[in-house]
Amino acid sequence: EGIKTAKDPGVRENWKPTGPDDPHIYPYGDTATYRDTAEGGVATLEGNAHLLYRDTRFASERIAYNRKTQIGVAPGKLQVDDAQNTIVGDRGTADYGRKIARISGA
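One structure accompanies this document, and this report is about it. In this text, all values refer to a predicted model and were calculated from it rather than measured experimentally.

This next bit is on the overall build of the protein chain. The secondary structure content of the protein chain amounts to one helix and ten strands. The linear arrangement of helices and strands in the protein chain, starting from the amino end, is β-α-β-β-β-β-β-β-β-β-β. The C-alpha radius of gyration computed for the protein chain amounts to 13 Å, which stays within 12% of the reference 13 Å derived for 106 residues, consistent with globular compactness. Judged by the C-alpha coordinates and their principal axes, the protein chain covers about 30 × 30 × 25 Å. Taking all 106 residues of the protein chain together, the buried fraction comes to 36%.

This is the structure we're talking about:
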């Protein structure tokens, strides 16, 4: 629910924030699995995986995103883009509740 993949028609064109005030996080991957855990529902996105929030894109080949905590974790190479910056690293975490990203390596 609320997780889109390359199999969903029109997702690349339409599954994105509607403007700078859109409060939602848009998870996407070529494939996705979802499981409920004690800490909240976790979507594992693979292949062209990304989380879009306002004008920021958190992208990697694999991202685990906890919808309850609003935390995305990329255990491998990743890139974070916004209107002013591009940051790359070997792994990272995006905490959307606290509006903090931690990137390491590169």
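Once that is clear, we can look at the nonpolar core. Ile25, Leu45, Leu51, Phe58, Ile63 and Tyr96 are the most contacted members of the largest nonpolar core, which totals 15 residues. Mapped onto this core, the elements with two or more residues apiece are β4 (40–53), β5 (56–66) and β7 (78–81). The element that contributes the greatest number of residues to this core is β4, accounting for five residues.

Let's shift gears to unusual backbone geometry. At Asn48, a residue that is not glycine, the phi angle is positive and equals roughly 50°. Tracing the backbone shows Asn48 in strand β4. With relative accessibility at 25%, the residue Asn48 sits in the partly exposed group. At Arg54, a residue that is not glycine, the phi angle is positive and equals roughly 50°. Mapped onto the elements, Arg54 comes out in the loop between β4 and β5.

Structurally, Gly72 can be placed in strand β6 (residues 71–74). For the pair Gly72 and Tyr53, spaced 19 residues apart in the sequence, the C-alpha separation amounts to 12 Å.

Pairing of strand β3 (residues 31–37) with β4 involves seven bridges; the strand directions are antiparallel. Bridged to Thr33 within β4 is Thr44.

Definitions and limits used
Residues numbered from 1 in each chain as written. Predicted model: local features only at pLDDT ≥ 70, side-chain atom pairs only at ≥ 80, totals over all residues. Heavy atoms only, no water. Helix = DSSP H or I, 4+ residues; strand = E, 2+ residues; numbered from the N terminus. Rg over C-alpha atoms; globule rule 2.2 N^0.38 Å. Buried < 20%, exposed > 50% of the residue type's maximum accessible area, 1.4 Å probe, protein only. Core = buried A, V, L, I, M, F, W, Y, C linked by side-chain atoms within 4.5 Å. Pairing = 2+ DSSP bridges.

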